[in-house]
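# Results of the structural survey
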Amino acid sequence: MSEPGLQGKSCDIPKRLIWDAWLKVKGNGGAAGADGVTIEQFELRWKDNLLKLWNRMSSGSYVPGPVRAVEIPKKGGTRILGIPSVIDRVAQTVAVLLLEPDVETVFHNDSSGYRPGRSPGDAVRMCRKRCFKKDWVVDLDVKAFFDSVPWDLMLKAVARHTDQKWVMLYVERWWTAPMLMPGGILAPRTKGTPQGGPISPLIANIVLHYGFDMWMVREHPRVRFERVADDGVVHCVTERQAHAVQDAIGRRLAQGGLLMHPGTMWIVSCKDSRRRQDYDQVSFTFCG
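Let us look at the structure shown here. (Residues numbered from 1 in each chain as written. Predicted model: local features only at pLDDT ≥ 70, side-chain atom pairs only at ≥ 80, totals over all residues. Heavy atoms only, no water.)

### Describing the pattern of salt bridges
According to the stated counting rule, one finds 10 salt bridges in the structure shown. The residue Asp110 makes a salt bridge to Arg130 at a minimum N-O spacing of 3.3 Å. With Asp110 in the loop between helix H4 (86-104) and helix H5 (120-131) and Arg130 in helix H5, this pair connects stretches of sequence that are 20 residues apart. Judged on exposure class, the residue Asp110 and its partner Arg130 are both buried. Between Arg224 and Asp110 there is a salt bridge; the shortest N-O distance is 3.6 Å. Within this pair, whereas Arg224 is found in the loop between helix H9 (199-219) and strand E6 (225-228), its partner Asp110 is found in the loop between H4 and H5, the two being separated by 114 residues in sequence. Judged by relative accessible area, which is 6%, Asp110 ranks as buried. Salt bridges sharing common partners tie together Asp110, Arg130, Arg224 and Glu226. (Salt bridge = Lys/Arg side-chain N within 4 Å of Asp/Glu carboxyl O. Helix = DSSP H or I, 4+ residues; strand = E, 2+ residues; numbered from the N terminus. Buried < 20%, exposed > 50% of the residue type's maximum accessible area, 1.4 Å probe, protein only.)

### Observations regarding the sheet that holds strand E2 (residues 77-83)
Spatially, the 4 strands line up as an open sheet ordered E2-E1-E4-E5, and their pairing is mixed. The sheet is open, and its two borders are formed by E2 and strand E5 (186-187), each paired with just one other strand. As defined by bridge partners, strand E4 (residues 179-180) adjoins E5 across 2 bridges and the pair is classed as antiparallel. From the neighbouring strand, Leu180 faces E5, where its bridge partner is Leu186. (Pairing = 2+ DSSP bridges.)

### Side note on the nonpolar core
The biggest cluster of nonpolar side chains holds 63 residues, and the ones touching the most others in it are Met57, Phe145, Val234 and Ile249. The leading source of residues in this core is H9, at 10 residues. Ranked by size, the runner-up nonpolar core spans 9 residues in total, among them Val137, Val233, Val268 and Phe286. (Core = buried A, V, L, I, M, F, W, Y, C linked by side-chain atoms within 4.5 Å.)

### A look at helix H3 (residues 46-59)
With 14 residues, H3 extends 20 Å from end C-alpha to end C-alpha; this agrees with the ideal 20 Å at 1.5 Å per step. Those residues of H3 not exposed but buried are Asn49, Leu50, Leu53, Met57 and Ser58. One side of H3 carries all its buried residues, which in axial view fall inside an arc of 155°. (Expected span 1.5 Å × (residues − 1). Arc of directions from axis to C-beta.)

### Digging into unusual backbone geometry
Positive phi outside glycine occurs at Tyr114, with the angle close to 55°. Tracing the sequence through the fold places Tyr114 in the loop between H4 and H5. The phi dihedral of Ala229 is positive, around 55°, even though this residue is not glycine. By the element assignment, Ala229 lies in the loop between E6 and strand E7 (231-236).

### As for the packing of aromatic side chains
As enumerated under the stated definition, the model contains 8 aromatic pairs in all. Aromatic side chains Trp22 and Phe42 sit 5.0 Å apart centroid to centroid with 40° between the ring planes, which places their arrangement in the tilted category. Separated by 20 residues along the polypeptide, Trp22 in helix H1 (residues 15-28) and Phe42 in helix H2 (residues 39-44) bring together distant segments of the chain. Taken as a pair, Trp22 and Phe42 share a single burial class, namely buried. With 6.3 Å between their ring centres and 50° between their planes, Trp166 and Tyr170 make a pair best called tilted. Of this pair, Trp166 and Tyr170 both sit in helix H8 (residues 165-176), separated by 4 residues, roughly a single helical turn. (Phe/Tyr/Trp six-rings, centres within 6.5 Å; stacked < 30°, edge-to-face > 60°.)

### Things to note about the packing of H4 against H8
Here H4 crosses H8 at 135°, and the two axes come no closer than 11 Å. Viewed along their axes, H4 and H8 adopt a mutual orientation that is oblique. Our pair here, H4 against H8, has a crossing hand that is left-handed. Contacts from Asp88, Ala91, Gln92, Val94, Ala95, Leu98 and Leu99 of H4 reach H8 at Trp166, Val167 and Trp174. Split by residue class, the contact of H4 with H8 holds 8 nonpolar, 1 polar and 1 charged. (Axes fitted to C-alpha atoms, helices over the stretch in contact; angles between N-to-C directions. Parallel < 35°, antiparallel > 145°, perpendicular 65-115°, else oblique. Left-handed = near helix turned anticlockwise from the far one by under 90°. Contact = heavy atoms within 4.5 Å. Nonpolar A, V, L, I, M, F, W, Y, C, P; charged D, E, K, R; others polar.)

This is how it looks when you write it as structure tokens:
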């Protein structure tokens, strides 16, 4: 990928934005990145650290370090998170604070993950309510979304919401930063956005807003859904409609390089026990 140039111009990044980003990172806590610097250590020289970051981001010379790979358990195996250093988390949060107000004005009302004032619990409550009204559900989970979403797709989505060249420049640098594996090996990356960085959830929502939410509104306007990041539930009237929507979603995701493997999308009967008959799938898990 070619990096957008800054044409020798400085970036207009308010110092206040750097400070607000630091306060948010400090409040969220979290482990040290590949450089081993903890939040407490960073805070000992916070003024120097933030001034250095502002100077580098403003001049276009900021280059993020590697992200630290951390394995966490999940159902059926493990998931690898990519933990940026504290200073890189501050830099990513600067971009989040700039982008978030704009994207929040267009995000779909049934997208509830990683958004201010919303929570997965909101989506679960709405899902339960709609399950009483519609008899069929398509339960979907985009497998390894954060690891597999193509960079060009993300870049195109982010570009819809900013004309700031420094945002596009640094977003690409965050994506291409290598991952420091537990054995000390630096592994190059060619796609995805590390799950563990502040910018990744926002980018995931932007990509899926255009790739799924708005597509559903356009192609299936009467079909309701809830989405929390890459986990979603779609409500259908009949089993036939559920199969048709399931197939269409699979094709749509494949267009964006997000191939669904067999067994990752289920059709579930939400009928009550008197009308359920012998359908295999009668329950599903949403947001854990």
